[in-house]
Each structure stands twice: as C-alpha cells, then as structure tokens.
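Single-letter residue listing:
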Amino acid sequence: MKIGLIKECKIPADKRVAFTPRQLSELTIQYGGKLSFYVESSPIRCFSDEEYTAEGIEVLDDVSFCDLLMGIKEVPVYKLVPGKKYLFFSHTIKEQANNRDLLRAVLDKGITLLDYEVLKDHKGNRTVAFGRWAGIVGAYNGLWTYGKKSGLFDLKRAYLCFDRSEIHQELLKVQLPPIKIIVTGTGRVAHGVMEILDQVGIRKVGTKEFLQQYFDEAVYSVLSCEDYNRRKTDGGYDQKEFYSSPGLYESHFLKYAEVSDILIAAAYWDHRAPKLFNPLDIKSEDFSISVIADITCDINGSIPTTTRPSTILDPVYDIDRESFSELPAFGKQSSISLMAIDNLPTELPRDASEEFGTQLMQHLVPELLKEESAILDQATITKNGDLTIEFIYLKDYVAGKEPSEDYEEH
C-alpha cells in the first residue's frame, strides 16, 4: 500500500501533518515491503520537505498515485482526485452546512472517505484526536489574554513559539494575583488545560472550597456536568438521564461566575443542553468573569458571548456587558475579553503532530494491514462514491434539506 501525506490547502493554512519525518522513517523500517510513504511538497507544513528527505522519505509535487491520501483539515473540492481514498477531518458527520458541498463532491467523484473523528476502538472510544493540544494551547491563550487585559505580564504568542519547551519558558513570566479560574469539562481537552495551570503552579481546589473560601493565591477548580446542571423539577442530577434528555435540566453556573475571574470552557456541549448563562446575566455586577477562553468554540452555544470564532492572528474580541455588542480586544476595561480560536492545536503544530502520529501508529496502521477491518469500516463515510450504511442519515443533508436537529461542531 502506498500512502501519501497531502499538502494542506484549506485557508487559513494549517501546519499540522499526520506523521512526522521520524515516524515515517520508523514505519518504513517496520513495515517495509507492506507500506510505503510519500510526502507532497509543502511550504507551510511544520516539518520542512528537507526534514522528510533527511529521513529517506520521498517528497514529490504529486502524490495522487498513492492508494491512500492522508491530510488533516478538509480538502478543497478542486483538489479532490476522483476515485481515490482519503482520510482527513471532513467535519460533515454532524451535518455542518459549510461542508455540504465537500461531501457532495466526494460522492460525485466516486471517492472513498474515511474520517479521523470516527476512528474508534471496539468499545466505541475515539482513538486519535488533537483534544489535549487544544486544551494546552487554549489555556495558554487564556493566560495570555488575562496578561494583556490586566497588564500584569506579557507572554509570547503560542504560534510564535517553536514547541512546548518554549511555551514552558514563557509560562515562567506568569505572575497572578489571588484570582479564581473555573474550568468546565473532564475529558482530553480539560486535561490539557490542567497541564498548563499545574505547570504555572496554580493550586487546584474542590468546588465547595472554590465557592466558599477566600485564597491568598490563584486557584482553579474543574467542573463536571453535574456541578453546574440540575434537574428543573427537583434540582437533582442523573448522568444517564442528562445525557439522554438534557432538555430536562437547567444551568446553575452563575454561582461560579460570581466568584471567578477567568472561565476556560473545555466541555463538550449538546445543543439540547442548557447554556452556562444567558446574555442578560453578564450585565449583573455579580458576574465577575472578565476573561473567557472558549476552547469549545460553539457559536451561540454553551457560552453565549461566543458570537463568532476568533483567529490565530486576531485571537481576542471583547463583548460589552450592557449592549452585548462586540468591541475591539481590550477596548474597555469593564467588558468581557473572549478568546475563541477554532483551530488551536495548529499553534503548536510540531508537538501536536507528533502525538497525533503516535496515535495513528498505534491504532490506524495495524488496521491498514488487515484484509478486513471493522474499525476502518465504521470510520468510512463514503465508499466508491456512495454513503455507507452507518452514514446513510446524511442523505438529506447532501440533498440540501435542513437537518432535523441543529448540530454543532465540537
């Protein structure tokens, strides 16, 4: 099998790649004769063409002869090669309107499309993801935002740092007053957030302490769903019920907003579930949060102040508490400063790519060598230009009909 790493062509450009030069060298040694790897030349990839050739990997202007073409972000329609097999994050399985034309083109061109997002083990757990790095960069950007807003310290932007080691050195500059930071979520993203907060030396405390006690140092607390959602009828919480019928619940997050300075949102959100707060809440003098790092970046989702994504080059915008209108970043001391970049891992592309490649080496490559793979079958959205049984529900989406539910990308 010939595998080609394709050049990222989506705008804005993404610097990540599925495998590092060293990883391809290791794979070639381990699976030589069964798998061969080729890299499409790219001027923007985080690993240069020269780094691949130094490891003995052939770099070409055209890799369309390969049996499997692997990228990261969506492949532009004009770049799709008819009849080929692709693997990338297509962002179509939740019926995202902006990628409807992409899926139509995949079908029209007779393409077989696999998606990293639905690569799962036999227990149904995702095996490859960039979530940890979204958390790491998102937390760093949250601290950068607070430093800018408060004027207490000035960090180098994450995307200007060479790797995680340089991030570590930058974090030594962080000097925080006794503020309180709230983190929502307990998954991969939240664990990435906690890595950064722990590295800075911010103490983690329980939710009760967080709400009731004063501290003479900066602290943070991590909220799971049950900490800020309650049943409307009696204030109780049942995890199974909440996941199946989140509409039965309401948020009681405001008690945390009254004592917090920074919110780092790292929790998956279902559009049927309650939002953390509503626009009117931020008018209250009791709403103390002044910086929000919304890693989830659900537009008009769990964080109502996230009205649009921000970008790596323009990472922050402010929301006026009274009018709920957008202001320039740090344009008003009393406004809420919001960081909502939707492609955070590409700010540390070398580290993020290395971890992602390690996951692929463990979970994907062995499946490619099998004559039949249930894991690859369930990750296949289209096969030879037709929707697979697992994804036949996308038929109406492809036809242009509005989805019955308002799916959000996470």
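Residues numbered from 1 in each chain as written. Predicted model: local features only at pLDDT ≥ 70, side-chain atom pairs only at ≥ 80, totals over all residues. Heavy atoms only, no water.

Caption draft 1: Summary view of the domain arrangement of the protein. Along its sequence, the protein is carved into domain 1 (2-128 + 350-399) and domain 2 (131-346). Taking only C-alpha atoms, the centre of domain 1 and the centre of domain 2 are 32 Å apart. With 11 residues of domain 1 at the interface, the matching set in domain 2 holds nine residues. Roughly 940 Å² of surface becomes buried between domain 1 and domain 2 when both sides are summed, with 47% attributable to carbon and sulfur atoms. (Domains from an automatic or database assignment. Contact = heavy atoms within 4.5 Å. Buried area = accessible area lost by both parts, 1.4 Å probe.)

Caption draft 2: Expanded view of helix α1 (residues 21-31). Taken as a whole, α1 has its buried residues at Pro-21, Gln-23, Leu-24, Ser-25, Leu-27 and Tyr-31. The elements touched by buried residues of α1 are β1 (2-5), β2 (36-40), α2 (49-54), α11 (349-363) and α12 (365-368). The positive-phi residue at the C-terminal boundary of α1 is Gly-33, with phi of around 95°. (Buried < 20%, exposed > 50% of the residue type's maximum accessible area, 1.4 Å probe, protein only. Helix = DSSP H or I, 4+ residues; strand = E, 2+ residues; numbered from the N terminus.)

Caption draft 3: The arrangement of a nonpolar patch on the surface in detail. A surface patch of nonpolar side chains, amounting to about 310 Å² of accessible area, comprises Tyr-159, Leu-160 and Leu-313. Following the sequence through the fold, Leu-160 ends up in the loop between α4 (131-150) and α5 (164-171). Leu-160 gets classed as partly exposed once you look at its relative accessible area, which sits at 47%. (Patch = residues over 30% accessible without salt bridge, like charges linked within 9 Å, V, L, I, M, F, W, Y side chains within 5 Å. Areas by Shrake-Rupley, 256 points an atom, 1.4 Å probe, with all protein chains shown as cover. Salt bridge = Lys/Arg side-chain N within 4 Å of Asp/Glu carboxyl O.)

Caption draft 4: Representation of the pairing of strand β13 (residues 291-294). Taking every second residue as pointing to the same face, both faces of β13 are buried, with Val-291 and Ala-293 on one and Ile-292 and Asp-294 on the other. Two strands pair when backbone bridges link them, and strand β12 (residues 262-265) and β13 are joined in this way by four bridges, in the parallel orientation. Bridge assignment links Ile-262 to a residue of β13, and that residue is Val-291. Pairing analysis gives three bridges linking β13 to strand β16 (residues 336-339), with the strands arranged parallel. Residue pairing across strands places Ala-293 opposite Met-339, the latter belonging to β16. (Pairing = 2+ DSSP bridges.)

Caption draft 5: Highlighting the pairing of β12. Alternating residues of β12 divide into Ile-262 and Ile-264 and Leu-263 and Ala-265, and every residue in both groups is buried. Where strand β7 (residues 180-184) and β12 come together, four bridges link them in parallel fashion. Note that in β12 the partner of Thr-184 across the bridge is Ala-265.

Caption draft 6: Highlighting unusual backbone geometry. For the bond running from Ile-11 to Pro-12, omega is 0°, close enough to zero to count as cis. Within the secondary structure, Pro-12 sits in the loop between β1 and α1. Despite not being glycine, Phe-330 has its phi angle at roughly 60°, a positive value. Mapped onto the elements, Phe-330 comes out in the loop between β15 (326-327) and β16.

Caption draft 7: Quick peek at helix α6 (residues 188-200). The end-to-end C-alpha separation of α6 is 19 Å, in line with the 18 Å expected for 13 residues at 1.5 Å each. In this fold, the buried residues of α6 make contact with α4, α5, β7, β8 (203-204), β9 (219-223) and β12. Within two residues after α6, Gly-201 carries a phi angle of roughly 95°, on the positive side. (Expected span 1.5 Å × (residues − 1).)

Caption draft 8: The arrangement of the packing of α5 against α6 in detail. Relative to each other, α5 and α6 sit at 45°, their axes nearing to 10 Å. By the angle class used here, α5 and α6 are oblique. Considering how the two elements wind past one another, α5 and α6 form a crossing that is right-handed. Across the interface between the two elements, Arg-164, Ile-167, His-168 and Leu-171 from α5 touch Glu-195, Ile-196, Gln-199 and Val-200 from α6. Classifying every residue of the contact of α5 with α6 gives four nonpolar, two polar and two charged. (Axes fitted to C-alpha atoms, helices over the stretch in contact; angles between N-to-C directions. Parallel < 35°, antiparallel > 145°, perpendicular 65-115°, else oblique. Left-handed = near helix turned anticlockwise from the far one by under 90°. Nonpolar A, V, L, I, M, F, W, Y, C, P; charged D, E, K, R; others polar.)

Caption draft 9: View of the environment of Cys-225. If you trace the backbone, Cys-225 turns up in helix α8 (residues 225-228). On a C-alpha basis, the gap between Cys-225 and Gln-239 in space is 8.3 Å, while along the polypeptide they are 14 residues apart. For Cys-225, the contacting residues outside a window of four places in its chain are Tyr-237 and Phe-242.

Caption draft 10: Molecular detail of the sheet that holds strand β4 (residues 68-70). Spatially, the eight strands line up as an open sheet ordered β3-β2-β1-β4-β5-β6-β17-β18, and their pairing is mixed. Whereas interior strands pair on both sides, the edge strands pair on one side only; in this sheet they are β3 (58-60) and β18 (386-387). Sheet topology note: the strand β6 (residues 112-114)/strand β17 (residues 380-383) ladder contains two bridges and is antiparallel. When the sheet's bridge partners are listed, Leu-114 is paired in β17 with Thr-380. Taken strand by strand, helix α3 (residues 100-108) contacts β6, β17 and β18, and its axis lies near 40° from that of β17.

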